[in-house]
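Descriptive structure summary
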Amino acid sequence: MIRFILSDLRRLWAGSLVVVLLVALATALGVSVVLQERALRLGSARAADKFDLVIGAGGSETQLVLSSVFLQPSPLPLMPGEVLGKLAADPRVDWAAPIGFGDSFSGYPIIGTTTMLAQNLSGDLAEGKIFAREGEAVIGAAVKLPLGGEIKPMHGSLEEGGETHTQLVYHIAGRLRPTGTAWDRAILVPIQAVWHIHGMEAEEHAEDGEHEHEAASGTDSAEHGHAHEKAGADHDGHGHHGKVDPDAALDEIWTAGAPGLPAILVKPKTIADAYKLRQEYRSGNTVAVFPGEVLTNLYATLGDAKQILVAVASGAQALVAASLVLVTVIHIGQRRRQIGALRAFGAPRGAIFGIVWVEFFFLVAVGIALGFALGYAAALILSGMFSQTSGVAMPVSFAREDAGLAAVLLGFATILAALPAVLAYRQSPAQALRA
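- Naming follows an unreviewed UniProt entry, where the protein chain appears as ABC transporter permease of Rhizobium ruizarguesonis.
- Turning to the protein chain, the UniProt annotation filed under Subcellular location (unreviewed entry) states: "Cell membrane".

Overview of unusual backbone geometry
- With phi around 55 degrees, L71 is a residue other than glycine that occupies positive phi space.
- Here L71 lies in the loop between α3 (61-68) and α4 (82-88).
- Of the residues examined, L71 reaches a relative accessible area of 11% and is grouped as buried.
- Even without being a glycine, S106 presents a positive backbone phi close to 55 degrees.
- Looking at the element boundaries, S106 is found in the loop between β2 (93-105) and β3 (108-113).
- Taking relative accessible area as the criterion, S106 reaches 55% and is therefore assigned exposed.

A closer look at the packing of aromatic side chains
- Considering all chains together, one arrives at 5 aromatic pairs under this definition.
- Summarising the aromatic geometry, the rings of Y275 and F290 are spaced 5.0 Å apart at their centres and angled 75 degrees between planes, so their arrangement reads as edge-to-face. Remark: F290 occurs in the loop between β14 (286-289) and α9 (291-334) and Y275 occurs in helix α8 (residues 271-280); sequence separation between them is 15 residues.
- For F290, a relative accessible area of 11% translates into the label buried.
- Taken together, the ring pairs in this structure connect F372, Y376 and F398 into an aromatic cluster.

About the criteria used
Going along each chain's sequence as written, the residues are numbered from 1 onward. Totals for whole chains, interfaces and linings use every residue, but because this is a predicted model, local features are given only for residues with pLDDT of at least 70 and side-chain atom pairs only at 80 or more, for both listing and counting. Side-chain numbers here rest on the full set of heavy atoms in the structure, without hydrogens or water. UniProt positions are given in the numbering used here, feature names are shortened, and annotations may be inferred rather than shown by experiment. Comment: elements are numbered from the N terminus, with helices defined as DSSP H or I runs of at least four residues and strands as E runs of at least two. Classification of residues uses two cut-offs on accessible area relative to the type maximum, computed with a 1.4 Å probe and protein chains only: under 20% is buried, over 50% is exposed, and between them is partly exposed. The criterion for an aromatic pair is that two Phe, Tyr or Trp rings (for Trp, the six-membered ring) have centres within 6.5 Å, with stacked assigned to planes under 30 degrees apart, edge-to-face to planes over 60 apart and tilted to the rest.

Laid out in structure tokens, this is it:
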């Protein structure tokens, strides 16, 4: 019987190929949706794991996380610089790193931050050293620039008609190890240089052996934020510019006189400290969030979108199933003489049923297997494209529940294959030979 089935499939190879491709494409659509949604969840969760607590000005928690963790460009409200000084002196904080956005170079975002974050983001550097002067930069693992290369910061992006800052040219001092996050595509520079280049430098003076920082304009924190908003994140290309000394040493002793900040990444010493800090900074003019909690809310929205996509894929699979039923009914009608001859030569009805069922089930099973392979390949391609643009690693992999999906599809194929087999089983040899 196996030889007969194989001979039959070779003779009817064109129709068999159509059945396999229809099943494969319908299956691939559903599999790619499931794998891509899972890859997005895993990739974003792993990226958020790098950061314990994010503090920003009152506003959208989601936008705060998207901007500070995933480096999505968006103007954020500024909180007073005194928050940074308070966190730096807090015994519950292991380290607190301010971050500033707004500039870019060759499509890579330039992030103003501190040596502490650069050291802790990926562990040891892949090559070079951490920036030690205002004119030095550290690049992420995915930034395609050479060590020692020049970076000319541009406010905004080239597509938006951004303005190139002429006050400072950064030189690449080191490269981070891969982190699988959006920071792999970032250029890290001293936030002190970012403040200076946007005219937000603080005046420093010594008093009783301690450093105190005041804003260049001498105004309070709210006015600092307003000035920085003009010259920083919301800079329109015509704001204030300061003078920068590329050889100036870094001063990362934070006090209340620091300029306004869009976000601060905080590493608490303990889990208990993290919850206490989160509660403390969720009142007044600041908001503190765990990135994982914000992502959970995003996943809920993503889950709704997934259900819609799965429904669309299921609808496509139902249409394919209906098409296959129509094709097989026509196919059985065209093979009536062959079936009648087999019955006339003594083939039992059970054998006819088995031949037709095995042929059709084999074609559908091959289509399902090919669909899983195509869906996996499509998810890999989509994840690769997303990773190139965002920097977030998107791990595409099958999970245990995918075996359940395969089992359901094969079960459906078992039932679907029985339809043409029953039609062939019920045909009488006399009627088939007269057809």
